[in-house]
Amino acid sequence: MSWGFAIWAATLALAAAVLSVTRASAVHALLLLLASLLALGAAFFAMSANFAGVIQLLIYAGAVVAVFVFVVMTVDASETAMAHERKLLRSAWRWPALFVGLSVIPILFGIGGGAMDAGAPAAADTRELGLLLFGDWGVATELVALMLIAGMIGVRHLGRSLGPRLRERGRE
Amino acid sequence: MTDGTIWSIAPLALLGLAALLAMVLAPIQPMPRVRLAAAIPMAMAVVIVLARMHGPEAPFSVLLADDVLARLGTLLAASAGLGIVAFTRSFCTGREGPALVAIAAAGGAALASANHGVTLFLGLELTTIPMVALALMPRTETAVEAAYKLFLLAGVGAAALLMGLVFGFAASGSLRFDAWSVGGPVAAIGLAFLLVGLAVKFALVPFHMWSPDLFAGAPAPVGALAGAISKVAVAIAALRIGLTIPAPEIWGLGLLLAGAAAVVWGNLAALRQTNLMRMLGYSSVAHSGYLALVLSVGGPLMGETVLIYAASYAPAIVAGFAVAALLGSATRLEDLRGLVWSHPLAGVALGIALLSLAGLPPSLGFIAKLYLFSSLAGEAAWGALIIAVIGSTLGFAYYMRFAIRIFTSPQKPVEQIPLSRVDGTAMVASVALIILLGVYPEPLTGLAAAALR
C-alpha cells in the first residue's frame, strides 16, 4: 500500500467525522460515524498496520451496531412514527456509502502510487499480543478490568426499576 | 519477578482485591461485613506502603513509578479510601458502595504513580467512573443530575486528555512523561490539551461546573472521593508532570489563569452558600485553585507545598463528609446550630475540619497555608500571592460562619443521638491527623521532602 492511499483514506475519515457531528438525526450521525471508522480502518491497512486495521473494523464498527441498539430502544416505535422515520431516512445511506466507496477507489484503479518504506506488516500473532497484554502492560489490563467493574455496577443501578423494594430497604 | 517488585505492586493489588472482595460479598453478607472486607486489604495496603516508604525502588512495570512520591500518593489514596469506607452506608450508596470506593482508591494510587500516558488516562477514568456510579445510586433527581454532569464533563476532559497524549506521542514517539521534554509546538499543543483534561478532574474554573452539584446532590462518600482521593491524586500527577517536563510556558500560563479564576470564583460563590455540602463544593474549587497557583509559579518549594496542601485537605474533607453523612439531608446553616450539643464528637470534628480548611492554627491547614504563601512569595509572584491572600480571607469568613453556628447554643433542647463506633473512629482518626500533624508537622514535611529528592 502507499502513503497516498493512507492520506486519502484519512481525509475521507475526517470529512465523514465532521459531517457526523453536524447531523441533527442520530441515525444519520451514526451511519456517517460508521463510514468514518471504516475509512480509518482503510488508512491503517494502507500503513501496513494490519492488526490495528482489523481491530478498528471489528471493535469500532461493531460498537456502532451496539449504539444502534440503544437508538432503537429509545425511539418512538409507533406506526406513524415509523412511517415518518422511514420517509426521513430513505436516503440516509447515500453519504456514508459514498465515503466508503471513495475510500476503496484507489485500490480498484491503482491510484496513489509510491511504495511505502514501512516494509512488511509487523507480525501480530496472539501469543505476542498476550505476552504484551499480560507482561509489560499487565497493570493497564488489570486497571481496565477494574474500570469495567465500576462501570458495570453503575449501569446496573441506573438500569434497575425503582420499585417499592428500594423504599423498604431503608437503613442497614 | 523479584521480591522487591512483588512488594511494589502489593498496595495497588490489595486495593483491587478490596474492591473484588467487597463486590462479591455485597449480595450475600450484611453491610458491616462488606465494609470490613473492603477495609482489611486497604489497611494492609496502608501498612505495606508505610513499611517500604524509604526502601529501594523496584518498579513493577514500565507504566508505574515506584518513587517516594508515588508511595506517598498511594498512602494518601488508601488511607482516604479507608476513612470513606467507614461512612459508606447502604441506604445512600447501595450495597456496592465499599467496592466502588476501593476502586476509586486504586485509581488514585495508579494516578499518583503514573509516569506514562496510559496509566495517567486509566487512573483518571478509574477515579471518575466509580464516582459517577456512586453518585447515581440513590436515583433521586439531584443525584442523577450530579452524576450526569460529572460524566459528561469528565468525558470531555478524557477526550481532551487523549488528544493531548496523541500530540505528545506525535512529538516524542513515546507516551512516557520523561520523553515529552522535547519541546516544540506539537508538544506544547499536547500539553495544553493534557492540562484541559486534568483541569476538568481538578475542578479548575472553566471546567468546575460538576463540583458543587456533585458535593451537594450526590451521597456524602462521593464528595469525599472527589475531594480526598481524586483531587489529591490529580495534584500529584500534575506535580509529576511539572517536575518531569521543564516548565513549558503554556503549562504555567494555563495553570496560572485557571487557578486564579478558581480561587476568585470558588471563594465568592462559596460565600453565598447556606448549605454545608454546596459550600464545601465551591470551596473545593478554590482549594484546587491554590494548588494550581503553586504549580504554575514553580520554585524550590513547589513540590513540598503541593504535597503538604493535598495531605492537609484530604483528612479535613473526610471528616467533613463523615459528619455530613451522619446528618443526612439536614446540612443547611440553621440545621447545624448547636450541633456540638446533639452530637458532641461530630460537632467538634466538623469544627476542627472547618478550622483546618480555613487555615487556622493549630491545625494542619495552617501549615499548608504557610507553605502556600511562602512558596508564592519566594518566587516573587505577587499577583498570585495577592489573589491567594484575598481568597483565604474570604475562605476564613465563610468557614467561620459555619463553624460558629456549630458551637452556638441550640434554641430548643436537644437529645443526644448516639454515634456508630465506625463513624466515630473515622472522625477521630481524621481529626487526630489534622491536629497532631498541625502541632508536629515534621513527619509530613520530611516525607514530602523525601518524595521530591
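Everything in this summary refers to the structure shown in the same document. Small disclaimer: the values here were computed from a predicted structure and weren't measured.

1. Observations regarding the overall build of chain B
Along its length, chain B carries 19 helices and 0 strands. Radius of gyration (C-alpha) of chain B: 20 Å, near the 22 Å computed for a compact globule of 453 residues. Principal-axis analysis of the C-alpha atoms gives chain B an extent of 70 × 55 × 45 Å. A buried classification covers 62% of the 453 residues belonging to chain B. Contacts spanning at least 24 positions in sequence make up 78% of the contacts within chain B whose residues lie at least 6 apart.

2. What about the packing of helix α13 (residues 302–327) of chain B against helix α19 (residues 442–451) of chain B?
Residues and elements named next belong to chain B. Contact pair α13 / α19: the axes reach a minimum separation of 9 Å and the direction vectors enclose 135°. When the axes of α13 and α19 are compared, the pair comes out oblique. Of the two possible hands of crossing, α13 and α19 adopt the one that is right-handed. Contacts from Glu 304, Leu 307, Ile 308 and Ala 311 of α13 reach α19 at Leu 444, Thr 445, Ala 448, Ala 449 and Ala 451. Of the residues in the contact of α13 with α19, the class split is 7 nonpolar, 1 polar and 1 charged.

3. Topic: the packing of α13(B) against helix α15 (residues 344–358) of chain B
Two numbers describe a pair of packed helices, the interaxial angle and the distance between the axes. Residues and elements named next belong to chain B. Closest axis-to-axis distance for the α13/α15 pair is 9 Å, and the angle between their directions is 145°. Where α13 crosses over α15, the handedness of that crossing is left-handed. Along the contact surface, α13 presents Ser 312, Tyr 313, Ala 316, Ala 319, Gly 320, Val 323 and Leu 326, while α15 presents Ala 346, Ala 349, Leu 350, Ala 353, Ser 356 and Leu 357. Split by residue class, the contact of α13 with α15 holds 10 nonpolar, 3 polar and no charged.

The rules we used
- Residues numbered from 1 in each chain as written.
- Chains lettered and ligands numbered in written order.
- Predicted model: local features only at pLDDT ≥ 70, side-chain atom pairs only at ≥ 80, totals over all residues.
- Heavy atoms only, no water.
- Helix = DSSP H or I, 4+ residues; strand = E, 2+ residues; numbered from the N terminus.
- Rg over C-alpha atoms; globule rule 2.2 N^0.38 Å.
- Buried < 20%, exposed > 50% of the residue type's maximum accessible area, 1.4 Å probe, protein only.
- Contact = heavy atoms within 4.5 Å.
- Axes fitted to C-alpha atoms, helices over the stretch in contact; angles between N-to-C directions.
- Parallel < 35°, antiparallel > 145°, perpendicular 65-115°, else oblique.
- Left-handed = near helix turned anticlockwise from the far one by under 90°.
- Nonpolar A, V, L, I, M, F, W, Y, C, P; charged D, E, K, R; others polar.

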